[in-house]
Each structure stands twice: as C-alpha cells, then as structure tokens.
Amino acid sequence: MAKTESKSHLIRDKLAYTAIIITVYLLGRGIPLYGIDISAYTDTYSNAENLLMQIIEGDANRYSLFALGISPCMISSILIQIGAACRTAEARARLSPKRMNRMQVALTLFFALFQAVLRARDLRFRVAENMLLLAEIIAAAEMVTGVLLLLWMAGRNKKYGLGGQTILIYINIVDRMMSTLLRFDIKALLVPLGISAAAMVVTLIMEGGEKRIAVQRISIYNVYADKNYLAIKLNPAGVMPVMFSSAFFTLLKLIAVGLHWLFPKNLRIAWWQDNLALTTIPGIWVYILLIYLLTIGFSMIMIGPGNIAEQFLKGGDSIRNIHAGRDTRRYLMKHIMIIGFFSATIMSICLGFPLLLQLKDGINGELAMLPSSVMMMTSLWYNLNQEFLTLKSFEAYQPFI
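Our subject in this report is the structure included herewith. Small disclaimer: the values here were computed from a predicted structure and weren't measured. (Residues numbered from 1 in each chain as written. Predicted model: local features only at pLDDT ≥ 70, side-chain atom pairs only at ≥ 80, totals over all residues. Heavy atoms only, no water.)

**Comments concerning the layout of surface pockets**
Alright, step 1. Of the pockets and cavities examined, the largest pocket occupies roughly 1200 Å³.
Alright, step 2. Listed by contribution, the elements that provide at least two residues to the lining of the largest pocket are helix H4 (71-85), helix H6 (97-122), helix H7 (132-160), helix H8 (166-183), helix H10 (240-262) and helix H15 (370-396).
Alright, step 3. Residue contributions to the lining of the largest pocket peak at 8 residues, all from H7.
Alright, step 4. Partitioning the lining of the largest pocket into residue classes produces 19 nonpolar, 12 polar and 6 charged. (1 Å grid on protein atoms, 1.4 Å probe; cavity = no way out; pocket = protein on both sides within 12 Å on 5 of 7 lines; lining within 4 Å. Points joined across faces, edges and corners; volume = space filled by probe spheres on them. Helix = DSSP H or I, 4+ residues; strand = E, 2+ residues; numbered from the N terminus. Nonpolar A, V, L, I, M, F, W, Y, C, P; charged D, E, K, R; others polar.)

Below is the structure:
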C-alpha cells in the first residue's frame, strides 16, 4: 500500500524537489561575492555576447555566488562523453559511473578554478588597495564553491527532480526573455519575434521528426517483420550543441584573455581577444563552427553507430541490404553525419542570421539572441513535457498485487 501511494505521488514529489532546487539557485544568484562594489554594476549587459553568457551563467552582472553558472560543468561533461566515446566497448564497460563522476568533478574543478581566477581579476571591489589580492582570492574561492554546489544540485535534481541540470538553464532563458521583452516596444520586436517563431516551428519539427532505417530482426517472423526500423531523430542532439557551444565560446574567449595577459605584446593573441565576440564577423563564424562540430559530435555520441553495429552483429540483426559489422557502422556514420550536418545548418541559419543583422544595425544586439533563446526554450520544454508524460504514464499503471 505504501509503495502504491509513493508511486501515485511521484510527479508531485519530483516537482516539489525541482522547486526547491530552483529556489536555492535563485537565492544564490542574489548573494554577492566578498567585497564586491555593487554600486559599480549599474550598467546593463545589452550585447549578444553578454546575453549568451547569461544563458549559461544566469547572473547578469556576474558578481554573485553563482557567477560562473554551470559552464564548467557543461565543458567537463562533454569532454568526459567524448573521452568515453573514443574508448573501445570493453574499455567503456570497465569504466564505472562512480569513476566517471569523479573525473567530471575533477575537470569541473579545474575549469572552475581557471574561470574564477580570470573573472576575479575583472571584478570591482570596495576594499583597500592592500586587501585587493585577498578579496580576489576569496571571491574566486566563492565562485568555485558555487560551481561545485551547482554540480551537486544538478545531480540531485537529475535523480529526484525533473529536467536535470537543464532546468537551471531553462530558468536563465525564461528570466532573460522576460526582461528582454519588457524592455522593447512591439515595433522593435517584430523582426526578432518573426525569426523566433520560425525557429520555434523548426525546432518542434526537428524534435518530433525522425528518419527510419529498415532493419531485419531474426527474432520476428510475423507481419511486423517488414515494419521494423531504426529511428533516428532529425535533431539527435536537440539544442545541446547550442548550449555547449555557448560554454565553449566563453571558454575560448577566456583562454584568449589569459594568453593576452601572459603575452601582452603578441599581436595575433590581441587580435583574437578583440575579435572573439558575437559582435564581430570572426566571432560569429567561430560560434557557428562550434555549433557544427558539436552537433555532429553529439549526434555520433548519442546514437553510437559503433555500438549499434556491434549489437546487430552479436544479435544476428542487420540493416536491409547492408552487411553486418563494418559496413553497417559506415552506413550509420554516413547517415548520422548527413543528419547532423543538416541539423547544424538549420540551427546556424536560425541563430546566425539575427547575429549578422545586428552588425548591419538591423536589430538591437540584445534582441539578436532572442531566436536562440526561443529555440533552446522550445527544445527544453519539449523534453520536459516528454519526461512529464512518461512519469504520468508510469503512475497510471496499477500493481498486480
């Protein structure tokens, strides 16, 4: 009886847990770092680059406990996934989830330290000159602590709540979109909202659409044998490449800043520091290139053509008219590459076009990021809705005893 009652309140409990996580996150964004001069942060971040950072960091002025957001967590996560994908199946089997978690924490700590040190140098403090270095060290330590706390919260929400770590990004997107929409009149919003509506429709089509590859199953000998297929989403990675490209773009910019600090007379490094921005042509092209690379890479990781080919080979199944083993892997890799390239092209058009428009003064720099926000919000909401429907269906099942 107790088990049945626990199951019937599963959605309610998960929603309540996620609400607690969101509350803690919002409170943490309002806690300033040690010694910060809050009065010095009166300007608003209205260009595309800063708005992009706010999506993954959340803090508009970037001086709170959660100033770094989940950017280090995202970077470490994708590096762990890439590392695992490069291993053989036998090596992956020996890699325990506990060890992978430790590796991710270590990488997250490394990137958090790197970003915190660079960020602390740009903060404005209200302390005496002889206390400035100490204030920077304390602020950097607080930012690293905030990242580790967010990593822990994201893990707990993934286990007990809804949305995993993406729920934090969802809150950032909604917060940013609401403040943006309230700042502009309807005339200024017409073009960005039109592009955003198109991006939303395209995202829904790609989230729900799929390519079906006919598969022969040796265990099926009935009428359904001719209807068996391998389904691949038209957008296998969702908007994860958009979010992760934001984190990697921020990391590249921080690397350029750090290198310029070490080599101030190097003209090439100085050029990259000035042009790694979403308000320049080179910066926009770098951002789009990251979207292409991450979209194709995530598609390969999430679908895993090598794993599918190996499973087919062991189980005796096959793709129609394709030999099992190496031919199957090549066939799947080819189709995933095509799908990933198509998906990346669609996203790049939806995101790159408004960024190019802002260079021509076609739209405001703040509104240039509205289509990307709508695209991410649509995909995240679609996946949240699917998770909710799955849990609802699970609650509908009645126990046998």
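On we go from here.
**Notes on the packing of aromatic side chains**
Alright, step 1. Enumeration according to the criterion identifies 7 aromatic pairs in this entry.
Alright, step 2. Note on Tyr-17 and Tyr-160: the rings are 5.5 Å apart at their centroids and 45 degrees apart in plane angle, and the pair reads as tilted. Of this pair, Tyr-17 sits in helix H2 (residues 10-29) while Tyr-160 sits in helix H7; the two residues are 143 residues apart in sequence, bridging distant segments of the chain.
Alright, step 3. The ring of Trp-261 has Arg-121 sitting right over it, with the charged end atom 4.4 Å from the ring centre. (Phe/Tyr/Trp six-rings, centres within 6.5 Å; stacked < 30°, edge-to-face > 60°. Lys NZ or Arg CZ within 6 Å of the ring centre and 35° of its normal.)

**So, the side chain of Asn-275**
Alright, step 1. Turning to its location among the elements, Asn-275 is positioned in helix H11 (residues 267-275).
Alright, step 2. Asn-275 gets classed as buried once you look at its relative accessible area, which sits at 14%.
Alright, step 3. Within the structure, Asn-275 has its side chain in polar contact with the backbone oxygen of Trp-271 (distance 2.8 Å).
Alright, step 4. In this view, Asn-275 contacts Thr-280, Pro-282 and Gly-283; residues no more than four positions away in its chain are not counted. (Buried < 20%, exposed > 50% of the residue type's maximum accessible area, 1.4 Å probe, protein only. Polar contact = N/O pair within 3.5 Å; in protein donor to acceptor, adjacent residues only side chain to side chain. Contact = heavy atoms within 4.5 Å.)

**Brief notes about the pairing of strand E1 (residues 210-216)**
Alright, step 1. Relative to strand E2 (residues 229-233), E1 runs antiparallel, the two sharing 5 bridges. Across the sheet, residue Glu-210 finds its bridge partner in E2, namely Lys-233.
Alright, step 2. Note that E1 and strand E3 (residues 318-319) share 2 bridges and pair antiparallel. When the bridges of E3 are listed, Gln-216 appears paired with Ser-318. (Pairing = 2+ DSSP bridges.)

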